[in-house]
Amino acid sequence: MIEVEQLRKQYGDFTAVQDVTLTAQPGEIFGLLGPNGAGKTTTIGCISTLLSPSGGTIRVMGHDVVKDGIEARRSIGVVPQEIALYEDLSAEENLSYWGGAQGLRGAELRDRIREVLDLTGLLDRAKEPIKRFSGGMKRRLNFACGIVHRPKVLLLDEPTVGVDPQSRVRLLELVRDQARSGACVLYTTHYMEEAESLCDRLAIVDHGRIIAQGTLRELRAMVGGRDILRLTGTFHPEQVRSALGGIDGVEIIHADETQLALSMNDASHRLPMIFAALNGSELRGTTLTQPSLESLFIKLTGSELRE
Amino acid sequence: MRFIWITALKDLRRLGREPVAVLTWLAIPSFISIILTLVFGPGGAKPHGTLLIADQDKAIGATMLTNAFDQGALGKMLTVEHITEAEGRRRMDRGDASALLVIPSGFSASFVTGQPVTIDLVRNPAQRALPDIIEDSLGIMLERAASYGAVAQTPPIQLDANIIPNKTEQPDGFAAIILPGALFMGIFFIAGALAADVWRERTSGALRRIATTPARFGAFLAGKLLAATLMFAGIGALALAVAHRLMHLRVASFPVAIAWIAASGSCLYLIIVLIQSAASSERVSTFMTNLVTLPLVMLGGGFVPFEWMPQSLARIGEWTPNGWCVMQLRVALSGSLQPIVFVTIAAIIGAMWLIEMRIIRKAAC
């Protein structure tokens, strides 16, 4: 469990993190979403005991990270943004070193190395120097080194940066596995889609502050926007207007011979009704856009997330 | 303790994966040693020095003796300068010459009349080869003079070869001149390369990762130091064994000499880690390392042994960190290294370890 209260981190006059309060539970994936420089890495740095907070308190599995740093670190596994590995050592040797740094030894260490190599799909390349590995394989090993000691709290700092789509899917599945096995996962990312698909709860961070926090549904509700349904095909605009005009709550944003854009609440449940009303038109494509974190971010900050 | 060992093992494994790099670090000093041996070794060119002669006799016997140093092979090795005894002693105090020969007033007359006579030879303790040559040559000349004297019923001339009290008793032989400096040049290069690894670990994020584990930075640095120490001990043992076998280097105690090489090499390693930790980037750290180590290697007897350096430079060189290590290795080879020297180096290593583990911890964050 991670408990952060009123965290503040200052570098001279610059405040990197201000009033950050969050709680992440065992078995939960808690996301920190925000643009580069928002303070996500600083927050994770403070939680992992790498940085000393300027104010506030952080407890990891009940241990204060400032007063009881070593005990807190025993519970923590960190997967840093960088590939913090030794290129001239094999996957097995890297795991052995990082496992040893966490206090594992002997048969327990050997068994666990084999286990995580299997988990990350690197067992058949265990004895190879990792400088021969692809970027995705190194990322997986970087992850493996963070979980080799079965941490109760797993901190992941943008672990999928620069990873190919296949490896990304695999890594995200590994993260879900950790949460399923009871670990409390704190995951930072600036990829909105990743946060939406992975995290149980999210905090959106900007300029060192949490600007919104909650489940995905709660955050979407904060946008207050309606779903957008875009249809492509062959339409008769006048017939469409007359057919859809009678459905309560459906607003026609745009209608021409080839495209139709409608705004409504809860569009996914109303699709059969829409399709029935458009009977006689030739439909070729349907796109449903729900209120997103991106739109929430724009609403809260006035700028795009990727800026 | 366990993390110290696994960190050392990790570094040694990584070094083992890069044998070419290790060989390259050793190639430069080996190459220079070979060149020096070819040029200055037996059969090659000879070193050049200055012999000061204070001739207070100024008669034929003294003239014959001093002229002998100006001729033949000796003449090629020595520049003879005639000066007063007072000036000669002043210059010897400054270490400006290889030796001072004082021929007393009445030397020739005493020789002819069969009176006992003593001549003084003051040797420069910072040099060995040239003072040895001068003393040996003078001894031969005096033996010959004595043999003539025997025919003429003249008592032998006594040579009083004074050596300015030296801190160290140094071993003999060409290898003893060449090897210590060359060895410490190699150790300095390797220390630089090993120290650069700390920067690589910082850049890769490995240091930050260590900071998030229960392991301590003191143990991490101690592990790296242990790996470096074992590496230097191995290199030292190999170099001494080769020099002993092939160059007839006299080694009073292999364990003591190897222990000194390992300990002083570790100290040099920590010095370079300290220099590099002050740098703002890996590139700057490499530049700073070269900026510091190359002049130190040159001054510290790496490229040219102290014996063949100008006196003033040799004096400075002997007090550079690596120069001091070279001088102490010579003492260790002769078997007279004092335990206090080991205590001193251990204290330096301990102090630097305390400072640097904090610096590295800070650098990681």
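Residues numbered from 1 in each chain as written. Chains lettered and ligands numbered in written order. Predicted model: local features only at pLDDT ≥ 70, side-chain atom pairs only at ≥ 80, totals over all residues. Heavy atoms only, no water.

A. Spatial organisation of the overall build of chain B. Within chain B one finds 15 helices and five strands. Out of the 365 residues in chain B, the part that is buried amounts to 52%. At a minimum sequence separation of 6, the contacts of chain B that also span at least 24 residues come to 77%. Only carbon and sulfur atoms are counted for the fraction: they give 66% of the accessible area of chain B, which is about 16200 Å². (Helix = DSSP H or I, 4+ residues; strand = E, 2+ residues; numbered from the N terminus. Buried < 20%, exposed > 50% of the residue type's maximum accessible area, 1.4 Å probe, protein only. Contact = heavy atoms within 4.5 Å. Areas by Shrake-Rupley, 256 points an atom, 1.4 Å probe, with all protein chains shown as cover.)

B. Highlighting the overall build of chain A. Along the backbone of chain A there are eleven helices and 14 strands. With respect to the principal axes defined by its C-alpha atoms, chain A has extents near 75 × 50 × 30 Å. With 307 residues in all, chain A has 53% of them scored as buried. Counting only contacts in chain A whose residues sit at least 6 apart along the sequence, the fraction spanning at least 24 positions is 68%. Accessible surface, chain A as shown: approximately 13700 Å² in total, 48% of it carbon and sulfur. If the 35 positive side-chain charges of chain A are averaged to one point and the 41 negative ones to another, these points end up 5 Å apart. (Lys, Arg positive; Asp, Glu negative; His and termini not counted. Charge placed at Lys NZ, Arg CZ, Asp CG, Glu CD.)

C. Seen up close, helix α12 (residues 282-299) of chain B. Over its 18 residues, α12 of chain B extends 26 Å from the first C-alpha to the last, a length consistent with the 26 Å expected when each residue adds 1.5 Å. Just beyond α12 of chain B, the residue with positive phi is Gly 301 of chain B, at close to 80°. (Expected span 1.5 Å × (residues − 1).)

D. Main features of the domain arrangement of chain B. Each domain of chain B was delimited in the assignment, giving domain 1 (2-39 + 171-364) and domain 2 (49-163). Taking only C-alpha atoms into account, the centre of domain 1 of chain B sits 42 Å from that of domain 2 of chain B. (Domains from an automatic or database assignment.)

E. Spatial organisation of the sheet that holds strand β12 (residues 251-255) of chain A. All names here are of chain A. Reading across the sheet, the four strands line up as β12-β13-β11-β14 and stay open at both edges, with antiparallel pairing between neighbours. The sheet is open, and its two borders are formed by β12 and β14 (282-289), each paired with just one other strand. Taking each pair of neighbouring strands and ignoring which way they run, the sheet shows an average axis angle of 20°. As judged from the seven bridges shared by strand β11 (residues 227-234) and β14, these two strands associate in the antiparallel manner. Across the sheet, the residue bridging to Leu 231 is Thr 286, located in β14. Helix α9 (residues 237-245) contacts β12 and β13 (259-264) of the sheet and is inclined by roughly 170° relative to β12. Across the sheet, helix α10 (residues 267-277) is in contact with β11, β13 and β14; its angle to β11 comes to roughly 30°. (Pairing = 2+ DSSP bridges. Axes fitted to C-alpha atoms, helices over the stretch in contact; angles between N-to-C directions.)

F. Spotlight on the confidence of the model for chain A. Summing up the model confidence of chain A, the mean pLDDT is 89 and the portion of residues at 70 or higher is 96%. Across chain A, the element-wise mean pLDDT spans from 72 in helix α11 (residues 293-301) of chain A up to 95 in helix α3 (residues 91-101) of chain A. (pLDDT = per-residue confidence, 0-100.)

G. Structural view of the pattern of salt bridges. Enumeration according to the criterion identifies 35 salt bridges over all chains in this entry. With a shortest N-O distance of 2.8 Å, Arg 112 of chain A and Glu 115 of chain A are connected by a salt bridge. Here Arg 112 of chain A pairs with Glu 115 of chain A, and both are found in helix α4 (residues 106-119), just three residues apart, close to one helical turn. A relative accessible area of 7% means that Arg 112 of chain A is categorised as buried. Judged by relative accessible area, Glu 115 of chain A falls into the partly exposed class, the value being 38%. The residue Glu 81 of chain B makes a salt bridge to Arg 91 of chain B at a minimum N-O spacing of 2.6 Å. You can see Glu 81 of chain B sitting in strand β2 (residues 78-82) and its partner Arg 91 of chain B sitting in helix α5 (residues 85-94), a full ten residues away along the chain. Connected via shared salt-bridge partners are Asp 88 of chain A together with Lys 10, Asp 11, Arg 14, Asp 197, Arg 200, Glu 201 and Lys 224 of chain B. (Salt bridge = Lys/Arg side-chain N within 4 Å of Asp/Glu carboxyl O.)

H. View of unusual backbone geometry. Not every positive phi belongs to a glycine, and Met 61 of chain A is a case in point at roughly 50°. Tracing the backbone through its elements, the reader meets Met 61 of chain A in the loop between β4 (55-60) and β5 (63-64).

I. Focus on the confidence of the model for chain B. Of the residues in chain B, 87% have a pLDDT of 70 or more, and the chain-wide mean is 82. The ipTM for the predicted assembly is 0.78, set against a pTM of 0.72.

J. Broad picture of the interface of chain B and chain A. Contacts between chain B and chain A engage 26 residues on the former and 31 residues on the latter. Of all residues in chain B, Arg 209, Thr 212 and Pro 214 of chain B give up the largest surface area on contact with chain A, accounting jointly for 31% of the area buried on that side. Inspection of the chain B/chain A interface yields five salt bridges. Between Arg 14 of chain B and Asp 88 of chain A there is a salt bridge; the shortest N-O distance is 3.0 Å. There are twelve residue pairs in polar contact (both at pLDDT 80 or more) connecting chain B and chain A. Among the secondary structure elements, those contributing two or more residues to the side of chain B that touches chain A are α1 (2-16), α8 (174-204), α9 (206-211) and α15 (339-364) of chain B. In terms of residue count, α1 of chain B provides more of the side of chain B that touches chain A than any other element does, seven residues in total. (Buried area = accessible area lost by both parts, 1.4 Å probe. Polar contact = N/O pair within 3.5 Å; in protein donor to acceptor, adjacent residues only side chain to side chain.)

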